[in-house]
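Here is what each chain is made of, one letter per residue.
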Amino acid sequence: MTSPSFSFEFFPPKTAEGIEKLRNTRRQLAQLKPEFFSVTFGAGGTTQQGTIDTVLEIQSEGLQAAPHLSCIGSTRANVGSLLQLYRDAGIRRIVALRGDIPSGMVEVGEFRYANELVEFIRAEHGDWFHIEIAAYPEYHPQARTAHDDLGNFVRKAKAGANSAITQYFFNADAYFAFVDEVRARGVDIPVVPGIMPINQFSQLARFSDACGTEIPRWLRLKLQSYGDDVASIKALGLDVVTDLCRRLLDGGAPGLHFYTLNAAGAPSTIWQRLGL
Ligand code: FAD
């Protein structure tokens, strides 16, 4: 059995202070020797230069950077030149996404779904890039049915993906059921759980509603009851998320991908508690 793969995700900072904070975060997390650091990408042009700058900086520090690349609203020429830029910088891993359609966007562009981006990367670059795709154990919020969403995931995986990272979730059973379903459909790539630390409640609730993640009722009510007592929210969050990670790893998950929100504290503590 191969050893588990651990990775951390950042978003591109917008201010000089944010850039410095991320450098600090990276220095701390680099000590944990993750397989890679991924950097999100704003669909429709909002943070694209920030993604490139952050990715190139990580790579120049001798660490492995994995840019997210969303294709919605873009052209083959634009995606092609971005891939070439990354390849020239020695980057070997891409998180290939459709992206969310920005409000007001009229032109969908030359790619409609992420499977078309995966096909494009494979056709243009052969095996140069390790391609990660997104997976949704609780199903994508725009999917017509669970059955359709599984079929779409399978098509995307078979287009040439090497591994998948999931949307965050708090129900371990949803993850195990999803993995069983895709295995039964002939997909054998690793599906790495995406882990969201809990640092506060209202933003987490908003995010979760938007991306289709269920916060179990007992947890939602308990977090809500703490009001602005951030220390209690964080303490419960650490217990719940560490326990989730342990169940996932014990149940055979091939690694963990942490949504860090550019802060090292929670992922480092979870890491220590897991004894990794
Ligand atoms: P797809 O796989 O294309 O799926 C999108 C929807 O279309 C699903 O409902 C699917 O069932 C359906 N579908 C897929 N293929 C077809 C088809 N051929 N015909 C009909 N329906 C189809 N967003 C960003 O903007 N930037 C980021 O950096 C970013 N990083 C992410 C990282 C991870 C690990 C995850 C899980 C999500 C990330 N997202 C990011 C969010 C993601 O872009 C959104 O969830 C987006 O709505 C879907 O992207 P996708 O690549 O999963 O799309």
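Keep in mind it's a predicted model, so treat the numbers as computed, not measured. (Residues numbered from 1 in each chain as written. Predicted model: local features only at pLDDT ≥ 70, side-chain atom pairs only at ≥ 80, totals over all residues. Heavy atoms only, no water.)

**Remarks on the sheet that holds strand β7 (residues 191-195)**
- Taken in spatial order, the eight strands close into a barrel running β1-β2-β3-β4-β5-β6-β7-β8, and their pairing is parallel. Shown here is a sheet whose adjacent strand axes are inclined to one another by a mean of 30 degrees, direction ignored.
- As judged from the three bridges shared by strand β2 (residues 36-39) and strand β3 (residues 65-70), these two strands associate in the parallel manner. Looking at β3, one finds that Ser38 is bridged to Ala66.
- The sheet strands contacting helix α1 (residues 16-30) are β1 (5-10) and β2, and the helix crosses β1 at an angle near 175 degrees. (Pairing = 2+ DSSP bridges. Helix = DSSP H or I, 4+ residues; strand = E, 2+ residues; numbered from the N terminus. Axes fitted to C-alpha atoms, helices over the stretch in contact; angles between N-to-C directions. Contact = heavy atoms within 4.5 Å.)

**Remarks on the site of the ligand**
- Taken together, 23 residues lie near the ligand, and Phe41, Arg98, Asp100, Tyr136 and Asp149 sit nearest.
- Between the ligand and Ala114, the relevant distance is 2.9 Å, taken from an oxygen atom to a main-chain nitrogen or oxygen of the residue.
- In isolation the ligand has 970 Å² of accessible area, and contact with the protein removes 86% of it.
- With respect to the detected pockets, the ligand is housed in the largest pocket.
- Going through the elements one at a time, α4 (114-125), α5 (146-158) and β6 (163-168) are the ones with two or more residues in the shell around the ligand.
- Counting residues per element, the shell around the ligand draws most heavily on α5, which supplies four residues.
- Residue composition of the shell around the ligand, grouped by class: nine nonpolar, nine polar and five charged. (Near = heavy atom within 4 Å. Polar contact = N/O pair within 3.5 Å; in protein donor to acceptor, adjacent residues only side chain to side chain. Areas by Shrake-Rupley, 256 points an atom, 1.4 Å probe, with all protein chains shown as cover. 1 Å grid on protein atoms, 1.4 Å probe; cavity = no way out; pocket = protein on both sides within 12 Å on 5 of 7 lines; lining within 4 Å. Sits in = over half its atoms within 2 Å of the grid points. Nonpolar A, V, L, I, M, F, W, Y, C, P; charged D, E, K, R; others polar.)

**Some points on the nonpolar core**
- In this structure, Ile133 and Phe153 are the most contacted members of the largest nonpolar core, which totals 79 residues.
- It is helix α9 (residues 230-250) that contributes the most residues to this core, eight residues altogether. (Core = buried A, V, L, I, M, F, W, Y, C linked by side-chain atoms within 4.5 Å. Buried < 20%, exposed > 50% of the residue type's maximum accessible area, 1.4 Å probe, protein only.)

**Points about the layout of surface pockets**
- Taken as a whole, the largest pocket holds about 1700 Å³ of empty space.
- Lining the largest pocket are 50 residues, and of these Leu97, Gly99, Asp100, Tyr136 and Gln167 lie nearest its centre.
- The calculated volume of the second largest pocket comes to roughly 300 Å³.
- Forming the boundary of the second largest pocket are 20 residues, of which Ser3, Ser5, Pro190, Val192 and Pro254 lie nearest the centre.
- At the level of secondary structure, the elements contributing two or more residues to the lining of the second largest pocket comprise β1, β5 (130-135) and β6.
- Grouping the constituent residues of the lining of the second largest pocket by class yields eight nonpolar, nine polar and three charged. (Points joined across faces, edges and corners; volume = space filled by probe spheres on them.)

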